[in-house]
Amino acid sequence: MPATPAADREIITERLINAPRDLVFSAWTDPEHVAKWWGPDGFTNTIHEMDVRPGGVWRFVMHGPDGTDYQNLIVFAEIVKPERIVYDHVSTPKFRNTVTFVEEGGKTRVTMRAVFEDKAAFEMAVKTFKAAEGGKQTLGRLANFVEGPGPAAPSATDQPFVITRRFSAPRALVFKAWSDPAHFSQWWGPAGSVVKVLRMDFRPGGVVLYSWAYPGQASEWARFVFGRIVPERSIEFVNSFTNEAGEPVRAGFSADWPMEVRYTVTFEEEGDGTIMTLRGGAVRPSEAERAMFASIAASMEEGFGATFAALEAHLAGRARGENAARRKIVLFMHASLDGFVAGPRGEMDWIHVDEEIFEYAGARIKEGDTALYGRVTWEMMEAYWPTAADQPNPSKHDVEHSRWYNRVNKVVLSRTMEGVSRPNTRFIGSNLAAEIQALKATPGKDILIFGSPGAAHSLMAEDLIDGYWIFVNPLLLGAGVRLFDELQAKQQLRLLESRPLASGVVCLHYERRRDSSIPGVGVAD
């Protein structure tokens, strides 16, 4: 791309930075450093590759404070250390940027001269992306970075804790154990405690909020705020004790424990295994906090050692394929032949049930120990099934299902009932995917969902349903609530059984196939 100056399509940004030129140039060319300051205020970065040489590629994502991701692709044209960097921004808007570093009395004058491909690209940068102001903020963040602690390595006092562990598992699996809430809750936390992940947003700037509790004791809360993440290579996060709302608080065991501790976890391949190293240090500690952190390093090593022993056992199980034993969610639903589960006004008086259906479905229902409902369906169930066996002349089905209903755990998807307490009942109103994945990872039998079209659609949208028992009734509704709705992509199914019943109802039993290479039946709305 030509670098011919053009006043009508050029942005020039300049700043005098109080730091040596070599240090400023290093901050521009080391991806570990760049990720910490690049971009306007409020932005974070995920750098996928950065090869600083002529012809080298810099590929990264800028995460805006509003949650928008901006994909960037840059190709370096010229590198003259420590004087000049020239690169082409080949993703839209296209421009060539020439960055110069001039030493002035121990300080460094940094000048960015961006020449855009054409007037349209220039106007997009200025009007849509506010590039002129963004450039000023970017150099401001660079200045704060190198004029403060900057790229210098932390001292042994500020980062006293390091622990390394080798796992006999591939690096991708070890990384997934940190990044997937269904894995994370199975090993993280103090030994002997039960960990619950309330939410997990695994991205730079994202938060994981979790609690842990020992038997008979109240829950404690903490969070991670993620920094730079390099897939399968490193994770940075700041750990804090919190209240239930996720707001940082002082640790209960000491008023001198740092409010924030920054950790970096790295993953390195070694043969068929993985070397994982965790480094930690207090963030902006007072002298008392620094002393407290350093004083219990031995206790931390023991605690993390037990945690990583749990991780080792978890990884060993996954490597042996024990994840096949994860609980499944199975949907039981009546549908019309034209694919509706309720009429235009929600009516379901057309559904056919009889003893043959009860016997056939009942055998499968006994294999589950958890029932999942939407709020409306749950309220209808609560109004009848707890006492159905106590009514005059109950049927065999009423007795059996009433006893099953009263015995099993119940999960209700509802945004309006969080905080409500009912025996053997849990309400989920947010973070659906993380909560359900964590539920599926806990020991137990299958999780069964009955009816509940709204809840079923939410689970389908997240691809959380593993099996379908669809009772196709012999009629056409023409309109109403669809069986399959809000699907985000094709899902492959395998037909396990087709059972015609005397009433004309046909039960279709499908299994979700996670391997897209296996032929199956594509589900569409």
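Note that the structure is a prediction, hence the values are computed from the model and not measured. (Residues numbered from 1 in each chain as written. Predicted model: local features only at pLDDT ≥ 70, side-chain atom pairs only at ≥ 80, totals over all residues. Heavy atoms only, no water.)

J.: Any chance you could explain the sheet that holds strand β1 (residues 10-17) here in plain terms?
T.: Strand-to-strand pairing in sheets goes through backbone hydrogen bonds, with the strands running parallel or antiparallel. Taken in spatial order, the seven strands make up an open sheet running β1-β7-β6-β5-β4-β3-β2, and their pairing is antiparallel. Edge positions in the sheet fall to β1 and β2 (44-50), since each has one partner strand and no second. Across the sheet, the axes of successive neighbouring strands diverge by a mean angle of 20°, strand direction being ignored. Examined bridge by bridge, β2 and strand β3 (residues 57-63) share six bridges and lie antiparallel to one another. Note that in β3 the partner of M50 across the bridge is W58. Most of the contacts of helix α1 (residues 21-29) go to strand β6 (residues 95-104), to which it runs at about 155°, and overall it touches β1, β2, β4 (69-80), β5 (84-89), β6 and β7 (107-116). Set on the sheet, helix α4 (residues 131-147) makes contact with β1 and β7; between it and β1 the angle comes to about 20°. (Pairing = 2+ DSSP bridges. Helix = DSSP H or I, 4+ residues; strand = E, 2+ residues; numbered from the N terminus. Axes fitted to C-alpha atoms, helices over the stretch in contact; angles between N-to-C directions. Contact = heavy atoms within 4.5 Å.)

J.: Just to check I follow, could you spell out the domain arrangement of the protein chain for this structure?
T.: Put simply, an interface is often sized by how much accessible area is lost when its parts join up. Taken domain by domain, the protein chain comprises domain 1 (7-147), domain 2 (161-300) and domain 3 (307-512). Opposite the 23 residues of domain 2 that make contact, domain 3 presents 18 residues. Of the roughly 1,800 Å² buried at the junction of domain 2 and domain 3 (both faces included), carbon and sulfur atoms supply 68%. On the domain 2 side of the contact with domain 3, R165, Q186 and W187 bury the most area, a combined 28% of that side's loss. Taken together, domain 2 and domain 3 are joined by one salt bridge. In this structure, R165 and E312 form a salt bridge, with 3.2 Å as the shortest nitrogen-oxygen distance. Summed over the shared surface of domain 2 and domain 3, the result is three residue pairs in polar contact (both at pLDDT 80 or more). (Domains from an automatic or database assignment. Buried area = accessible area lost by both parts, 1.4 Å probe. Salt bridge = Lys/Arg side-chain N within 4 Å of Asp/Glu carboxyl O. Polar contact = N/O pair within 3.5 Å; in protein donor to acceptor, adjacent residues only side chain to side chain.)

J.: For this particular structure, what's the right way to read the sheet that holds strand β9 (residues 194-200)?
T.: Strand order in the open sheet made by the seven strands is β8-β14-β13-β12-β11-β10-β9, with antiparallel pairing throughout. A strand with exactly one partner marks an edge of an open sheet, and here the two such strands are β8 (161-167) and β9. Neighbour-to-neighbour, the strand axes of the sheet open up by a mean angle of 25°, direction not taken into account. Relative to strand β14 (residues 273-282), β8 runs antiparallel, the two sharing seven bridges. Bridge pairing links V162 to R279 in β14. Against the sheet, helix α5 (residues 171-179) contacts β8, β9, β11 (220-230), β12 (234-242), β13 (261-270) and β14, and its axis sits at roughly 160° relative to β13.

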